[in-house]
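# Results of the structural survey
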Amino acid sequence: MESLIHDLRYSLRSLRRHPGFTATAVVTLALGIGANVAIFSAVHSVLLRPLPYRDEDKVVYLVNRSNTVEGSMSVSPRDIVDYREQATLFEGIGAARASLIDAVLTGVEEPVPIRFQSATDNLFSLLGFEPVLGRGFLPEDAAQPGSQEEADSIPATLPGAILSYALWQRHFGGDPGVIGRTIEVSGEGARIVGVLPGEFGLVHGSARAGEAKADLWFPFFFDFREAPRRAPGGLWPIGRLKPGVTVEQAQAELDAVASRLQEQVPEYRNQNLRLVAQRPKVEAVKSIRPALLMLAGAVGFLLLLSCANVANLFLVRARTRLSEMSVRGALGCGSRRLARQILIECLVLAAAGGLAGLALAGLGIRLLMSLKPADLPRLEAASINGPVLAFSLGASVLAAILFGLLPAIQAGRISLAEGLKDQSRGPVGGRRSRLLGSLVVVEIALSLALLMGAGLMIRTFAALQEIRPGFEPEGALTFALDLYGEKYYGSGPQPRIAFFQELEEHLRTLPGVEAVGSTLWMPYFFGGAAQATPYAWDEDSEARWPAVWANLFVVTGDYFRAMQTRLLGGRYFSRLELTEPTPSVIVDEVLAREVWPDEDPIGKSLTALRPGNRVEVVGVVEHVRYQFLREEGRNAMYFPFGALPYGTRKFVVRGSGDVGSLVAPIRREIQTLDPGLAIHHVASLADLVEGELATNRLVLVLMGIFAGLALVLASVGVYGVISYSTRQRTAEFGIRMALGADRSRIFRLVVGRGAALIAIGAVFGVAAALALSRLMASLMYGVSPTDPATLIVVALVLSAVGLLASFVPGRRATRIDPAAALRAE
């Protein structure tokens, strides 16, 4: 132990005597370790950290799959009854509404926008949550059973409600006496029966849904057994497996139930519907997992590159310490002790680099937060916590081993006789030169891989920016508005139609407003996927009902003009069609092309919304990429508001100038018409589209940073090796020039050494780049993972930087004085 402490003190003194070397090594390691710690904090928070469910491995999300609709579908109440009765391997199956509902806390000085979600009375207990105040739901908390159609709007009475912890703190000040208090939700009374713990949340896997942070929870308000509708029905089932049951066994039973339902229920048979059991974490992070794994691979490359660079520094410094090590060996210090001395120095440097890396990781986490994609759940929990500190320690030790192993081996092989000779001569220098060259080859290979990744992301981002999503994002403001209460639902749809007409007329009069419209669902809006509707166009598709689906949009006013969605044929809806239930529909170009590939669709008829309901096509508009910019997505049908006069609307207001300045006037106009209403989710349409690009932007920015660091480190490595090689060959160059070699030839010899290292590194780098680009395949658009143009450009950039790094040592070699070199020899 005493000798170990002595070596540690000696290492600290040695590193203090060489501040330039120490600072360079610490900064290099800090960059590699800091990047790894920052990305690991995100990976841990999003992918590794357990969900706050009791016995998480027993909880499964039940995802509805179909062979006729991409992605997942919601489930109907009747389906949940069937699975509860026939699936015996589950302790229980609960359900939540598949999407959150916007509402308003009324009866207060100013309406407060909130979001609520409905759940079965067993959902919280299935997940292992108990209220921190009050109790969970009881059957009497729900209103008398009604139809599912009644449940699709805000129910007439809401007798039982459970607050989220955030709303309890924010609006009620954490008052423990809140239990039993009556509140108004969208004009209707509700009695608070409980408060959920702060960690409760349902993590979705759908785009931009993230973690479902409902402000209020209500029990379902209809009888599951009497609900006639089949999937999709707006519910999201969650189950808990019995002890000893595996997910595979549960899936086999679910498949057996689905097979029986397909025999009995036409909807199941025509769509091949089945429930798929998914681990919650797998389902929740499925969209962001490839990006995080790719970034983890990229920072792993960066750490290797940093270690290779520091190993190079150690090997170059070893030349100046050759006499020191030889003298210590002559005084009785064994080879193992010398090797241990080097490893201790490496550990000290790694520890310093790890501490500095933690500081850089804090900045990196803040950068991740600022670039956070909306489909990256739980990133807000990323921090320098226990697991991250453990990872940082492990990364530092690993780095010390990686960059210290070769120098330690070299130190243990020092020859006493050679070490006491001239330091610049002998076979040791030759071996060291080859080792330095090998490490630079590794650096170049890793740099090329990271540069290739950054280049592919630049190409992808540029291609995505060129996509027209089916509308013009710039210059449009969006917001959500929901009507509620007897005033709008007590006497048919006319009050809702009249209100929206009057509101749109008011908004059109605002200065700078060019067009106003609304729809049931807005592209890229908060809350995930659009509502879909089945349709048919001939006897065969009618017989397979509902096997074919389209996105459903219900529009008012100048919706298409406000969105600047182009009309390709026919006409827009007339004013009469927008207010009366006329059988008219506008379809998009994809649906028209699929159904009537060689015919004019105008005047043709479809069956839509429900069997036997015929509608006439009056217009064709361009296709809107509704949910993902990189995917064409499902085709669409647009109905006039009079056909489906829902009170839930997403507005789009197109204006000139800064559309953000329209928010306050819009609020005033709505308050003038109805002081009890409040708007939700105010955002520009451009921001919504930008949100869809957030994952690509995150990867692009981080890959650009990693590639830039890799390029700098590789160029420093090339410069160091060529400089070292030039110093080693000083006498040789002096003799060459004395024998008549011109300076240009000496320059070519030096730069040629750098070019050879770059060429060899590039060969290995292509293989590393292909491995990394495979991880990036799901993030790319408009470019192949093996795109030759990107590879050529990256190789040229890396070669140019590497040759530039060789230029300075080459110029220095041409200034060697032959006489001085020979005298030194």
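Position numbers for residues count from 1 along each chain, tracking the sequence in the order it is written. Only residues with pLDDT of 70 or above have their local features reported here, since the model is predicted, and side-chain atom pairs are shown and tallied only from 80 upward, although totals for entire chains, interfaces and linings are computed over all residues. Hydrogens are left out, water is left out, and the side-chain values use all remaining heavy atoms of the structure.

A separate point is a nonpolar patch on the surface. Nonpolar side chains (Val, Leu, Ile, Met, Phe, Trp, Tyr) are joined into patches within 5 Å and like charges within 9 Å, using only residues with over 30% relative accessible area and no salt bridge. Residue exposure ignores everything except the shown protein chains as possible cover, and the areas themselves are Shrake-Rupley values with a 1.4 Å probe. We define a salt bridge as a contact between a side-chain nitrogen of Lys or Arg and a carboxyl oxygen of Asp or Glu at a distance within 4 Å. A contiguous nonpolar surface patch, about 350 Å² in accessible area, is contributed by Leu347, Leu393, Val397 and Ile401. It is helix H13 (residues 386-412) that contributes the most residues to the nonpolar patch, three residues altogether. Along the chain, Val397 turns up in helix H13. Between buried and exposed lies partly exposed: a residue is buried under 20% and exposed over 50% of the maximum accessible area for its type, with that area taken using a 1.4 Å probe on protein chains only. The class for Val397 is partly exposed, based on a relative accessible area of 36%. Where helices and strands are cited, they refer to DSSP runs of H or I of at least four residues and of E of at least two residues respectively, numbered from the N terminus.

Here helix H3 (residues 77-86) lies mainly inside the structure; seven of its 10 residues are buried. Among the residues of H3, those classed as buried are Pro77, Arg78, Asp79, Ile80, Val81, Asp82 and Tyr83.

Attention now moves to the confidence of the model for the protein. Values of pLDDT, ranging from 0 to 100, describe the predictor's confidence in every residue of the model. In the predicted model, the protein carries a mean pLDDT of 82, and 85% of its residues have values of at least 70. Predicted confidence is poor over residues 144-157, with pLDDT under 50, and the contacts of this stretch with residues over four places away or in other chains come to 27 contacts. Scored below 50 in pLDDT, residues 206-210 shows 16 contacts in the model against residues more than four places distant or in partner chains. We call two residues contacting when some pair of their heavy atoms lies within 4.5 Å.

This part is about the packing of aromatic side chains. Between the rings of Phe, Tyr and Trp (Trp by its six-membered ring), a pair exists once the centres lie within 6.5 Å; its type follows the angle of the planes, with under 30 degrees stacked, over 60 edge-to-face, and the other angles tilted. Throughout the structure, instances matching the rule amount to 22 aromatic pairs. Note on Tyr559 and Phe560: the rings are 5.5 Å apart at their centroids and 70° apart in plane angle, and the pair reads as edge-to-face. The same class applies to Tyr559 and to Phe560, which are both buried. Judged by centre distance (5.3 Å) and plane angle (10°), the ring pair of Phe560 and Tyr572 falls under stacked. In this pair, Phe560 is assigned in helix H19 (residues 559-563) and Tyr572 in the loop between strand E19 (567-570) and helix H20 (575-579), connecting sequence segments 12 residues apart. An aromatic cluster is present here, built from Tyr53, Phe124, Phe129, Phe137, Phe200 and Trp217 joined pairwise through their rings. Definition used: whenever NZ (Lys) or CZ (Arg) falls within 6 Å of the ring centre and also within 35 degrees of the ring normal, the charge is taken to sit over that ring. Geometry around Trp521 places Lys650 over its ring, the cationic atom sitting 5.4 Å from the centre.

A separate point is the state of the cysteines. Note on terminology: pairs of cysteine sulfur atoms within 2.5 Å are recorded as disulfides. One pass over the structure, following the stated rule, counts zero disulfides. Counting only cysteine sulfurs, Cys346 is the nearest neighbor of Cys307, a cysteine outside any disulfide, at a range of 9.9 Å.

This part takes up the pattern of salt bridges. By the definition in use, this model includes 22 salt bridges. We note a salt bridge from Asp102 to Arg115, for which the minimum N-O separation is 3.4 Å. Here Asp102, found in strand E4 (residues 101-106), pairs with Arg115, found in strand E5 (residues 112-119); they are 13 residues apart in sequence, far enough to count as distant. Of the charged contacts in the structure, one is a salt bridge between Asp255 and Arg274, with a shortest N-O distance of 3.0 Å. Placement of Asp255 in helix H7 (residues 247-264) and of Arg274 in strand E14 (residues 274-278) is noted, with a sequence separation of 19 residues between them. The structure contains a network of salt bridges with shared partners spanning Glu504, Arg508, Asp558 and Arg561.

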